[in-house]
Amino acid sequence: MLKPLGDRVVLKIEEKEQTVGGFVLAGSAQEKTKTAKVVAIGQGVRTLSGELVAPSVKVGDQVLVEAHAGIDVKDGDEKYIIVGEANILAIVEE
């Protein structure tokens, strides 16, 4: 399994999703965003004073990310994307 560094997050894209939390996304929004599941998170980032700021997401969260964000990677037969936490737009709560 991949273990991201810093504020990076490993996501598994959910291709079949047409709605987010019961809300139907407009056609233009579907082209700009995608739904994914968080499968691994980094430890966070350090401030200038050295304090560790933990990520806002946790493993298992369903999130909305920018469509062209991140780097596509393959781990075995599984395909993932690695994004910075700043590319995550929202956590989808059900």
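All values derive from a computational prediction rather than experimental measurement.

Definitions and limits used
Residues numbered from 1 in each chain as written. Predicted model: local features only at pLDDT ≥ 70, side-chain atom pairs only at ≥ 80, totals over all residues. Heavy atoms only, no water. Helix = DSSP H or I, 4+ residues; strand = E, 2+ residues; numbered from the N terminus. Polar contact = N/O pair within 3.5 Å; in protein donor to acceptor, adjacent residues only side chain to side chain. Contact = heavy atoms within 4.5 Å. Core = buried A, V, L, I, M, F, W, Y, C linked by side-chain atoms within 4.5 Å. Buried < 20%, exposed > 50% of the residue type's maximum accessible area, 1.4 Å probe, protein only. Salt bridge = Lys/Arg side-chain N within 4 Å of Asp/Glu carboxyl O.

K.L.:
Which residues make up the side chain of Asp61, and what values do they have?
P.N.:
Relative to the assigned elements, Asp61 resides in the loop between strand S6 (52–53) and strand S7 (62–66). In this structure the side chain of Asp61 is engaged in a polar contact, spanning 3.0 Å, whose partner is the backbone nitrogen of Lys58. Beyond its immediate chain neighbours, meaning those up to four positions away, Asp61 contacts Ala36, Lys37, Val38 and Ile91.

K.L.:
Quick one: what's the story with the nonpolar core, residue by residue and with numbers?
P.N.:
If you look at the biggest cluster of nonpolar residues, it comprises 12 residues: Val9, Leu11, Ile13, Ala36, Val38, Val57, Val63, Val65, Ala69, Ile81, Val83 and Ile88. Of all elements in the fold, only strand S1 (8–13), strand S4 (33–41), S7 and strand S9 (78–84) reach the threshold of two or more residues within this core. Ranked by residues supplied to this core, first place goes to S1 with three residues.

K.L.:
Let's hear about the pattern of salt bridges: which residues, and what values?
P.N.:
A full pass over the atoms with the stated rule returns two salt bridges. Close ionic contact of Lys12 with Glu78 constitutes a salt bridge, the shortest N to O distance being 2.7 Å. On the criterion of sequence distance, the pair formed by Lys12 in strand S1 and Glu78 in strand S9 is long-range, its members being 66 residues apart. The partner of Lys58 in a salt bridge is Asp61, with the nearest N and O atoms 3.1 Å apart.

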